[in-house]
Amino acid sequence: YDKESNSIQYSTVAHFPPVRLLPNADRKRILVTGGAGFVGSHLVDRLMLLGHEVTVLDNFFTGSRTTVSHWVGHPNFGLVRHDVVEPFMIEVDQIYHLACPASPPHYQYNPVKTVKTSFMGTLNMLGLAKRTKARFLITSTSEVYGDPEEHPQREEYWGHVNCIGPRACYDEGKRVAETLTYGYMRQDNVEVRVARIFNTFGPRMNPYDGRVVSNFIIQALKGEDMTVYGDGKQTRSFQYIHDLVDGLILLMNGPETRPVNIGSSDEFTIIDFAEAVRDIVEEVQKEEGNSLAKRVGIIHKDMPVDDPQRRRAETTRAKETLKWAPQWTVRQGIYEMTKYYSAQIRSGAL
Ligand code: NAD
Ligand code: UDP
Ligand code: UDP
């Protein structure tokens, strides 16, 4: 910010979006593990535009180079192919530790590797935070509450997780990652932040990663039946990616060290959600002049084992301590994401 001209200063490098010009004291060296994934790539965009130096560390298991390729070559940006299960050395001020597959088919594909990523990956990144005195933020999950017996879920709730079921590699992995995080805080005075993220959606979500929002939109756009698992009475609350990124950055830079839920409180049954998505996709198709001859159907498939019955974020803590509140409605978000996938389908990328 330049006082004389009363304006924000930007630095421009040919072919890249202008990024904010920060005084050295405010410019942070930031590591984003899992930065080539869905959430990571949006976080990287925001941190870059804010003028920080960003290094992405990713093994490209579920992420891809293309999500961040628009920054490759920028002097403030670095991309390293690395698996967090192995130690890693770098000098940084902040670490956003996201590396971990997040969709059920992906994290169940190799459950042992998922647990290793959560345990050893988080241990290594905490070791790095301890050595460099960097502040460490982990993206934990509403899955630490399991199939909850308390509704909506407050941060004080200890959860209800089946430790031997097919989801355990992810749920228990994140639970032990939180345990490690608070261990390093108590033992080694590492500055830690814990975000418990609820279902999040938006552009760049891997269209075939099996999560409900991407499945429904792609199915409806392609005129295929939408697949509701079980009777569809189970519930979720969905937040749009930009709201999550706001929350993560506020949490990292604020004083709250306890876990903070970041998610929507707008709860849908999955069957109602399917109908809402179908309506929005039809609206987009009409606008784009390629309406389908008939409505897509909604069919039912088997309910996955241990699928949580109800989930809604209780977000009083985020509102009070971060002054955070979602700005996007589910409708606006689904509309944006549908336009994004529709353009990809038209370009032949999907
Ligand atoms: P994603 O699968 O798109 O991204 C995960 C990224 O981590 C990918 O780029 C992947 O290649 C990378 N990765 C995985 N294992 C790795 C390893 N061993 N070493 C290095 N990189 C590795 O998932 P996402 O939705 O972007 O989720 C990001 C984080 O947010 C995860 O920690 C996830 O648990 C958490 N989260 C997401 C949601 C959601 O709804 N999207 C909800 C709760 C929590
Ligand atoms: N570590 C890392 N990068 C660093 C510092 C540590 O990857 O810059 C790893 C280290 O290899 C170890 C883990 O983090 O596996 C935990 O480190 P810590 O120093 O806490 O434990 P120790 O090395 O004493 O077991
Ligand atoms: N689901 C569904 N059809 C799909 C994919 C998922 O009905 O094609 C259901 C799933 O059973 C769950 C909810 O939608 O109840 C959310 O699933 P997702 O995998 O997106 O996230 P999570 O279960 O981790 O919340």
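Residue positions within a chain follow its written sequence, with the count starting from 1. Going through the entries in the order they are written, you letter the chains from A and number the ligands from 1. pLDDT decides what is reported in this predicted model: residues at 70 or higher carry local features, side-chain atom pairs at 80 or more are listed and counted, and totals for whole chains, interfaces and linings draw on all residues regardless.

Draft legend 1. Up close: the packing of helix H5 (residues 212–221) against helix H9 (residues 330–346). Fitted lines through C-alpha atoms give the axes, limited to the stretch in contact for helices. The angle between two N-to-C directions lies from 0 to 180 degrees. Secondary structure is summarised from DSSP: a helix means a run of H or I of at least four residues, a strand means a run of E of at least two, and numbering begins at the N terminus for each. Packing of H5 against H9 brings their axes to within 10 Å, and their N-to-C directions diverge by 55°. On the basis of their axis angle, the class for H5 and H9 is oblique. As H5 packs across H9, the resulting crossing turns out to be right-handed. In this structure, H5 uses Ile217, Ile218 and Leu221 to contact H9, whose residues at the interface are Met337, Thr338, Tyr341, Ser342 and Ile345. Of the residues contributing to the contact of H5 with H9, the split by class is six nonpolar, two polar and no charged. Note that the term roughly parallel is reserved for angles under 35 degrees, roughly antiparallel for angles over 145, roughly perpendicular for angles of 65 to 115, and oblique for everything else. Crossings are sorted by hand: turned counterclockwise from the far helix by less than a right angle, the near helix makes the crossing left-handed, and turned clockwise it makes it right-handed. We call two residues in contact if the C-beta atoms placed from their backbones are at most 7 Å apart. Lys, Arg, Asp and Glu make up the charged group, whereas Ala, Val, Leu, Ile, Met, Phe, Trp, Tyr, Cys and Pro make up the nonpolar group; the residues left over, Gly among them, are polar.

Draft legend 2. Seen up close, the site of ligand 1. The immediate surroundings of ligand 1 are formed by 29 residues, with Gly34, Gly37, Val39, Thr62 and Gly63 found nearest. Every element with two or more residues in the shell around ligand 1 is listed here: helix H1 (38–49), helix H3 (111–132) and strand E7 (135–141). Of the residues in the shell around ligand 1, the class split is 13 nonpolar, 14 polar and two charged. Each residue receives a C-beta atom placed from its backbone. It is near a molecule or strand if this atom lies within 6 Å of it.

Draft legend 3. Representation of H1 within the structure. The end-to-end C-alpha distance of H1 is 17 Å, a good match for the 16 Å that 12 residues give at a rise of 1.5 Å each. H1 sits mainly inside the fold: nine of its 12 residues count as buried. Exposed residues have 12 or fewer other C-beta atoms within 10 Å of their own C-beta, buried residues have 20 or more, and residues in between are partly exposed; the C-beta atoms are placed from the backbone. Residues of H1 that are buried include every one of Phe38, Val39, Gly40, Ser41, His42, Leu43, Val44, Leu47 and Met48, and no others. Backbone geometry just after H1 places Gly51 at a positive phi near 100°. The span you would expect from a helix comes to 1.5 Å times its residue count less one.

Draft legend 4. Just the confidence of the model for the chain, in detail. pLDDT measures how confident the predictor is about each residue, on a scale from 0 to 100. Summary statistics for the chain give a mean pLDDT of 96 and a share of 100% for residues scoring 70 or more. Both scores are available for the predicted complex, with the pTM at 0.97 and the ipTM at 0.98.

Draft legend 5. Representation of the site of ligand 2. Around ligand 2, the neighbouring residues are Pro87, Phe88, Met89, Leu123, Asn124, Gly127, Leu128, Lys130 and Arg131. In terms of residue class, the shell around ligand 2 is built from five nonpolar, two polar and two charged.

Draft legend 6. Structural detail: the environment of Glu156. Here Glu156 is to be found in the loop between E7 and helix H4 (168–188). Glu156 gets classed as exposed once you count the C-beta atoms within 10 Å, which come to 10. Taking the C-alpha atoms as reference points, Glu156 and Arg258, 102 residues apart in sequence, are found 9.9 Å from one another.

Draft legend 7. Here's a closer look at the environment of Thr315. Its place among the elements puts Thr315 in the loop between strand E15 (298–301) and helix H8 (316–322). Judged by C-beta crowding, with 25 C-beta atoms within 10 Å, Thr315 ranks as buried. Separated by 250 residues in sequence, Thr315 and Arg65 place their C-alpha atoms 33 Å apart. In this structure Thr315 touches Asn261, Gly263 and Ser265, once residues within four positions along its chain are discounted.

Draft legend 8. Highlighting the nonpolar core. By definition, a nonpolar core groups buried Ala, Val, Leu, Ile, Met, Phe, Trp, Tyr and Cys residues that are joined through C-beta atoms within 7 Å. Counting residues in each nonpolar core, the largest one holds 83 residues, and the members touching the most others are Ile95, Phe136 and Ile217. Top contributing element to this core by residue count: H5, with seven residues. Contact partners of Ile217, with chain neighbours within four places excluded, come to Val277, Val281, Met337, Thr338 and Tyr341.

Draft legend 9. Examining the UniProt feature "domain: NAD(P)-binding" (unreviewed entry) in the chain more closely. UniProt positions are given in the numbering used here, feature names are shortened, and annotations may be inferred rather than shown by experiment. The feature "domain: NAD(P)-binding" (unreviewed entry), as annotated in UniProt, sits at residues 31–337 in this numbering. With 38% helix and 17% strand, residues 31–337 has its two end C-alpha atoms placed 27 Å apart.

Draft legend 10. H3, seen in detail. With 22 residues, H3 should cover 32 Å at 1.5 Å per step; its first-to-last C-alpha distance of 31 Å lies within 8% of that length. Of all the bends in H3, the largest measures some 25° and sits at Thr117. Turning to H3, its buried residues number three or more, namely Thr114, Thr117, Ser118, Gly121, Thr122, Met125, Leu126, Leu128 and Ala129. Structurally, H3 contributes buried residues whose contacts are with strand E3 (29–33), strand E6 (94–97), helix H2 (104–109), E7 and H4. Positive backbone phi, approximately 60°, marks Lys133, located one or two places after H3. Across the chain, bend at a residue is computed as the angle between axes fitted to the seven residues ending at that point and the seven starting from it.

Draft legend 11. Geometry of the environment of Thr62. With respect to the helices and strands, the residue Thr62 is situated in the loop between strand E4 (53–58) and strand E5 (77–81). Judged by local crowding, Thr62 falls into the buried class, with 21 C-beta atoms found within 10 Å. For Thr62 and Pro101, which are 39 residues apart along the polypeptide, the C-alpha to C-alpha distance reads 6.4 Å. When near neighbours in sequence (up to four residues on either side) are disregarded, Thr62 contacts Gly37, Pro101, His106, Asn206 and Asp209.

Draft legend 12. Region of interest: the sheet that holds strand E13 (residues 259–262). Spatial strand order, E5-E4-E3-E6-E7-E8-E13: seven strands in an open sheet with parallel pairing. The sheet is open, and its two edges are formed by E5 and E13, each paired on a single side. For this sheet, the mean angle separating the axes of adjacent strands, direction not counted, is 20°. When DSSP locates at least two bridges between a pair of strands, those strands are taken to pair. When E6 meets E7, the two strands line up parallel, connected through four bridges. Each residue of the ladder has a partner; that of His97, found in E7, is Ile138. Along the sheet, H3 makes contact with E3, E6 and E7, crossing E6 at roughly 170°.

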